[in-house]
Amino acid sequence: MSPIVLTQLATGLSVLAGAVLVKSVMDQKPMAGPFPRCPSCNGTGRVSCLCSRWSDGDVGCRTCAGSGRMGCSSCGGTGTGRPLPVQISARPTNRPS
């Protein structure tokens, strides 16, 4: 085999090994982290803009800048569910005897 063929073979094998490594890491820990995908935008962080729902067929407003897509209000554009920091306090009720 010529040196060029060996170089191409080595390069191809290293690319393949890198892809396998990245896939194994992604299977163990997805990029979204521990939070699930947002059900409103399906993890994209964008939803259809209100201007695209108008009956005249126009698309474009200040919110979407003409793209027809605006940030998701459910996830804030992150595409994942957000935990809400809530503190619940319960006091015992005073029952008359």
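From a predicted model like this one, the values you see are computed outputs, not experimental measurements.

S.K.: A description of the overall build of the protein chain should follow, citing residues and the corresponding values.
M.R.: A count of helices and strands for the protein chain gives one helix and two strands. Written out in order from the N terminus, the α and β elements of the protein chain read α-β-β. By the burial criterion, 13% of the 97 residues in the protein chain qualify as buried. Relative to all contacts within the protein chain whose residues are 6 or more apart in sequence, the contacts with residues 24 or more apart total 50%. Roughly 8,300 Å² of accessible area belongs to the protein chain as shown, and the carbon and sulfur atoms make up 60% of that amount.

S.K.: Mind laying out unusual backbone geometry, listing which residues take part and the relevant values?
M.R.: Both trends apply: most residues other than glycine have a negative phi, and most peptide bonds are in trans. The phi angle at Asn 42 is positive, at roughly 60°, despite the residue not being glycine. Mapping Asn 42 onto the fold places it in the loop between α1 (3-28) and β1 (46-48). With relative accessibility at 52%, the residue Asn 42 sits in the exposed group. Of note in this structure, Ala 65 is not a glycine but carries a positive phi near 55°.

S.K.: Help me get a handle on the nonpolar core, residues and values and all.
M.R.: Ranked by size, the top nonpolar core spans nine residues in total: Cys 38, Cys 41, Val 47, Cys 49, Cys 51, Cys 64, Met 70, Cys 72 and Cys 75. Setting aside anything within four residues of it in sequence, one finds Cys 41 in contact with Arg 46, Val 47, Cys 72, Cys 75 and Gly 79.

S.K.: Provide a residue-level description of a nonpolar patch on the surface, including the pertinent values.
M.R.: On the surface, Leu 6, Leu 9, Leu 13, Leu 16 and Val 20 cluster together to form a nonpolar patch covering roughly 480 Å² of accessible area. By secondary structure assignment, the location of Leu 9 is in helix α1. On the basis of relative accessible area, Leu 9 is assigned to the partly exposed category, the value being 46%.

S.K.: So what's going on with the environment of Cys 61? Which residues, and what values?
M.R.: Position of Cys 61 relative to the elements: it lies in the loop between β1 and β2 (69-71). A relative accessible area of 25% means that Cys 61 is categorised as partly exposed. Each residue touching Cys 61, except ones within four places of it in the same chain, is listed here: Cys 49, Cys 51 and Gly 66.

Procedures and definitions
- Residues numbered from 1 in each chain as written.
- Predicted model: local features only at pLDDT ≥ 70, side-chain atom pairs only at ≥ 80, totals over all residues.
- Heavy atoms only, no water.
- Helix = DSSP H or I, 4+ residues; strand = E, 2+ residues; numbered from the N terminus.
- Buried < 20%, exposed > 50% of the residue type's maximum accessible area, 1.4 Å probe, protein only.
- Contact = heavy atoms within 4.5 Å.
- Areas by Shrake-Rupley, 256 points an atom, 1.4 Å probe, with all protein chains shown as cover.
- Core = buried A, V, L, I, M, F, W, Y, C linked by side-chain atoms within 4.5 Å.
- Patch = residues over 30% accessible without salt bridge, like charges linked within 9 Å, V, L, I, M, F, W, Y side chains within 5 Å.
- Salt bridge = Lys/Arg side-chain N within 4 Å of Asp/Glu carboxyl O.

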